[in-house]
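Structural description and commentary
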Amino acid sequence: MEIACNVTRQAPLIAELVNLATARWRGGASVQPLAGENLVTTFAANLGDRASVALRADPDAGRHLAELAAELRQALLAERPADQAARINAIIRRYGAQPYLVEDVGQPFHLHFHGSGGSEVEALGGEFATALALIVDGYGPDRFGECEAHQCEAVYIDLTRNASRRYCGAACTARAKTAAYRSRRHI
Ligand SMILES: [Zn+2]
């Protein structure tokens, strides 16, 4: 199945929001999950100009982003496929995701799934929940996980061809390899 290019764009944004707002360990270091202004400003830096401005103008964005991040984390790390599907469906309904075609300057019409509520967080909630649903539909239920490296709670979304991903990024992959090498030498 051909996955909409929108989905490959959303996947790292989803993981970034969840990790900023919920992870207490990242890459072997203790971190404070972000909330309020800090969460809004840091996450908005990943977005385009229009979305970033809209997010920072919303006084409730921090609280709503944190709620969305918690819901997304539960969906990503649900153990049974049925629970995962139910949680993703619940987020789709909650944010009122609706498919519609948008024409941006210089681009052909492409499909968006903004939520119906009007705020930027609701728009993102609709996009993100739909992206997760399309990933489950196109790749199966096993494409989400928590980094397996020591002291890291970051989530990842695996869009590799062979479902080979186990770590949140290059740094944790390298840390885990080093740890495995050391433990073999000490046996
Ligand atoms: Zn990690």
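All residue numbers refer to positions counted from 1 along the written sequence of the respective chain. Per-residue local features of the predicted model are confined to residues with pLDDT of at least 70, and side-chain atom pairs are confined, for both listing and counting, to 80 or more; whole-chain, interface and lining totals are unaffected and use all residues. Note that the side-chain values use all heavy atoms of the structure and ignore hydrogens as well as water.

**Structural notes on the overall build of the protein**
Stated formally: The way it works is that DSSP assigns letters per residue, a run of H or I at least four long becomes a helix, a run of E at least two long becomes a strand, and they are numbered from the N terminus. Radius of gyration here uses only the C-alpha atoms, and the compact-globule reference equals 2.2 Å multiplied by the residue count raised to the power 0.38. Note on classification: 1.4 Å probe, protein chains only; a residue is buried when its accessible area is under 20% of the maximum for its type, exposed when over 50%, partly exposed between these limits. Values of accessible area rely on a 1.4 Å probe in the Shrake-Rupley scheme; residue burial ignores everything except the protein chains shown. Neither His nor the chain ends is counted toward charge; the positive residues are Lys and Arg and the negative residues Asp and Glu. Every charge is mapped to an atom, namely NZ of Lys, CZ of Arg, CG of Asp or CD of Glu.
Within the protein, the regular secondary structure consists of seven helices and six strands. Going residue by residue from the N terminus, the α and β elements of the protein occur as α-β-β-α-α-α-α-β-β-α-β-β-α. Taking 16 Å as the expected radius of gyration for a compact globule of 187 residues, we find that the protein reaches 17 Å, a close match to that expectation. Overall, the C-alpha framework of the protein stretches about 60 × 40 × 35 Å when taken along its three principal axes. Considering the protein as a whole, with its 187 residues, one finds that 40% of them fall into the buried category. Looking at the protein as shown, the accessible area adds up to about 10500 Å², and 51% of this sits on carbon and sulfur atoms. Of the side-chain charges in the protein, 20 are positive and 21 negative, and the distance between the mean point of each set is 11 Å.

**Section: the coordination of the zinc ion**
Selection rule: Any N, O or S atom lying within 2.8 Å of the metal counts as a donor, with the limit raised to 3.2 Å for Na, K and Ca; because water is left out of the atom set, some sites can appear incomplete. A four-donor site is classed as tetrahedral when every donor-metal-donor angle falls between 85 and 135 degrees; four donors are called square planar, and six octahedral, when trans pairs exceed 155 degrees and all remaining angles lie between 65 and 115, with any other arrangement labelled irregular.
For the zinc ion, the full set of protein donor atoms is Cys147 (SG), Cys152 (SG), Cys168 (SG) and Cys172 (SG), and the range of their distances to it is 2.3 to 2.4 Å. One way to put it: the four donor atoms around the zinc ion meet at angles of 103 to 113 degrees, and that makes the site tetrahedral. Each donor residue of the zinc ion belongs to the same chain, with the gaps between them written as C-x4-C-x15-C-x3-C. A single burial state applies to Cys147 and to Cys152, both of which are buried.

**Comments concerning the environment of Gly96**
The criterion, for reference: Contacts are residue-level and defined by heavy atoms, with any inter-residue pair within 4.5 Å sufficient.
Inspection of the secondary structure puts Gly96 in the loop between helix H5 (81-95) and strand S3 (100-102). With relative accessibility at 18%, the residue Gly96 sits in the buried group. Those residues in contact with Gly96 that sit more than four places away from it in its chain are His114, Gly115 and Ser116.

**Considering the UniProt feature "domain: Zinc finger CGNR" (unreviewed entry) in the protein**
Cut-off, in case you're wondering: UniProt positions are given in the numbering used here, feature names are shortened, and annotations may be inferred rather than shown by experiment.
Within this structure's numbering, the places UniProt gives as "domain: Zinc finger CGNR" (unreviewed entry) are residues 143-185. As a span, residues 143-185 carries 37% helix and 14% strand, and end to end its C-alpha atoms are 32 Å apart.

**Some points on the packing of helix H4 (residues 61-76) against helix H6 (residues 120-139)**
What counts, and what does not: An axis is simply a line fitted to the C-alpha atoms; with a helix, the fit covers only the stretch in contact. Between two such axes, the angle follows the N-to-C directions and lies from 0 to 180 degrees. The labels follow the angle: roughly parallel below 35 degrees, roughly antiparallel above 145, roughly perpendicular from 65 to 115, and oblique for the rest. The nonpolar class holds Ala, Val, Leu, Ile, Met, Phe, Trp, Tyr, Cys and Pro. Asp, Glu, Lys and Arg form the charged class, and all remaining residues, Gly among them, are polar.
Closest axis-to-axis distance for the H4/H6 pair is 10 Å, and the angle between their directions is 10 degrees. Taken as axis vectors, H4 and H6 run roughly parallel relative to one another. Here Ala61, His64, Leu65, Leu68, Leu72 and Leu76 of H4 lie close against H6, whose contacting residues are Val121, Leu124, Gly125, Phe128 and Leu132. Its residues assigned to classes, the contact of H4 with H6 comprises nine nonpolar, two polar and no charged.

**A short note on the pattern of salt bridges**
Filter applied, for reference: Within this document, salt bridges are pairs made up of a side-chain nitrogen of Lys or Arg and a carboxyl oxygen of Asp or Glu, the two lying within 4 Å of each other.
Overall, the coordinates contain ten salt bridges when judged by the stated rule. Between Glu153 and Arg24 there is a salt bridge; the shortest N-O distance is 2.9 Å. Taken as a pair, Glu153 in the loop between strand S5 (144-146) and strand S6 (155-157) and Arg24 in the loop between helix H1 (5-22) and strand S1 (25-26) lie far apart in primary sequence, 129 residues in all. With its nearest N and O atoms 2.5 Å apart, the salt bridge here joins Glu71 to Arg94. Separated by 23 residues along the polypeptide, Glu71 in helix H4 and Arg94 in helix H5 bring together distant segments of the chain. What emerges from the salt-bridge pattern is a single network uniting Asp60, Arg63, Glu67, Glu71 and Arg94.

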